[in-house]
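Observations on chain architecture
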Amino acid sequence: MAERTQSYKNHTRRPPALFLFVSFVLLLNLVNQLRHVWTDPTLGAAFGALVAFALLCMPLTAREMALTVQDRVIRAEMRMRLMETLPADLKPRIHELSRQQLVALRFACDAELPGLVREVLAGQLKSSKEIKQRVKDW
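Below is a short write-up of the structure. On a predicted model such as this, the values are computed, not experimentally measured, just so you know. (Residues numbered from 1 in each chain as written. Predicted model: local features only at pLDDT ≥ 70, side-chain atom pairs only at ≥ 80, totals over all residues. Heavy atoms only, no water.)

1. Quick word on the overall build of the protein chain
The helix and strand tally for the protein chain stands at 5 helices and 0 strands. Its helices and strands taken in sequence order, the protein chain reads α-α-α-α-α from the N to the C terminus. Across the 138 residues in the protein chain, those meeting the buried criterion constitute 29%. Within the protein chain, contacts between residues separated by at least 24 positions form 64% of all contacts whose residues are at least 6 apart in sequence. (Helix = DSSP H or I, 4+ residues; strand = E, 2+ residues; numbered from the N terminus. Buried < 20%, exposed > 50% of the residue type's maximum accessible area, 1.4 Å probe, protein only. Contact = heavy atoms within 4.5 Å.)

Right under this line is the structure:
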């Protein structure tokens, strides 16, 4: 199977279908448990609703944790890459780049990276969307 060429238009990914399905089922479970609390307000029904809410939080928290780890890996990778590719005058300023900026800059090739970093540090490119749109060679 041939790989698609990455671009600004196709670089994002949707959450996996299984994640969406599980989240939907757990949300329906929470609504059902809240219905039981409404129709038959007992301690057992309230506890069931509490457990249903906790279960709903689990996949959401797991996804957030995975994305946090992914961002940390990207930051470390980008800082190493920037140390290798940036000219000497920009290397001391690598720590000034935010997480969002580093994540957006990862899409740039080595040749255009120094120019984009200069623009980001000069305040010309503020959002990650602006940075990604300026990347020519994905």
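2. Regarding the pattern of salt bridges
With the rule as written, the count across this model stands at 5 salt bridges. The partner of Arg99 in a salt bridge is Asp71, and the shortest N-O contact between them spans 2.8 Å. Residue Arg99 is located in helix H3 (residues 99-105), and its partner Asp71 is located in helix H2 (residues 43-85); the two are separated by 28 residues in the primary sequence. We classify Asp71 as buried; its relative accessible area is 17%. (Salt bridge = Lys/Arg side-chain N within 4 Å of Asp/Glu carboxyl O.)

3. Some remarks on the packing of aromatic side chains
Following the criterion strictly, the structure yields 0 aromatic pairs and no others. For the cation-ring pair, Arg63 lies above Phe19, with the distance from its terminal atom to the ring centre recorded as 5.4 Å. (Phe/Tyr/Trp six-rings, centres within 6.5 Å; stacked < 30°, edge-to-face > 60°. Lys NZ or Arg CZ within 6 Å of the ring centre and 35° of its normal.)

4. A word on the nonpolar core
Met78, Leu82, Leu97, Leu105, Leu113 and Val117 are the most contacted members of the largest nonpolar core, which totals 20 residues. Elements with a minimum of two residues in this core: H2, H3 and helix H4 (113-121). Of all the elements, H4 adds the most residues to this core, at 5 residues. Excluding residues that lie within four positions of it along the chain, Met78 makes contacts with Leu102, Leu105, Arg106 and Leu113. (Core = buried A, V, L, I, M, F, W, Y, C linked by side-chain atoms within 4.5 Å.)

5. So, a nonpolar patch on the surface
On the surface, a cluster of nonpolar side chains totalling about 580 Å² of accessible area is made up of Leu18, Phe21, Val22, Phe24, Val25 and Leu28. Considering the arrangement of structural elements, one finds Val22 in helix H1 (residues 17-39). (Patch = residues over 30% accessible without salt bridge, like charges linked within 9 Å, V, L, I, M, F, W, Y side chains within 5 Å. Areas by Shrake-Rupley, 256 points an atom, 1.4 Å probe, with all protein chains shown as cover.)

6. A few points about the packing of H2 against H4
At a closest axis distance of 10 Å, the pairing of H2 and H4 adopts a crossing angle of 110°. As far as their axial angle goes, H4 and H2 are roughly perpendicular. Mapping the contact onto sequence places Met78, Arg81, Leu82 and Thr85 in H2 and Leu113, Pro114 and Val117 in H4. Grouping the amino acids of the contact of H2 with H4 by side-chain chemistry returns 5 nonpolar, 1 polar and 1 charged. (Axes fitted to C-alpha atoms, helices over the stretch in contact; angles between N-to-C directions. Parallel < 35°, antiparallel > 145°, perpendicular 65-115°, else oblique. Nonpolar A, V, L, I, M, F, W, Y, C, P; charged D, E, K, R; others polar.)

7. Overview of the packing of H1 against H2
In contact at an axis separation of 8 Å, H1 and H2 are set at 160° when each is read in the N-to-C sense. Here H1 is positioned roughly antiparallel relative to H2, judged by the angle of their axes. Here H1 and H2 pass one another in a crossing that is left-handed. On H2, the residues that touch Phe19, Val22, Ser23, Leu26, Leu27, Asn29, Leu30, Gln33, Leu34, His36 and Val37 of H1 are Ala45, Ala46, Gly48, Ala49, Ala52, Phe53, Leu55, Leu56, Pro59, Leu60 and Arg63. The residue inventory of the contact of H1 with H2, partitioned by class, reads 16 nonpolar, 5 polar and 1 charged. (Left-handed = near helix turned anticlockwise from the far one by under 90°.)

8. Quick word on H1
Helix length check: H1 (23 residues) gives 33 Å between terminal C-alpha atoms against 33 Å at 1.5 Å per residue, within 8%. Within H1, the full set of buried residues consists of Phe19, Ser23, Leu26, Leu30 and Gln33. Considering only its buried residues, H1 is in contact with H2. (Expected span 1.5 Å × (residues − 1).)

Just distances and angles here, no functional claims.
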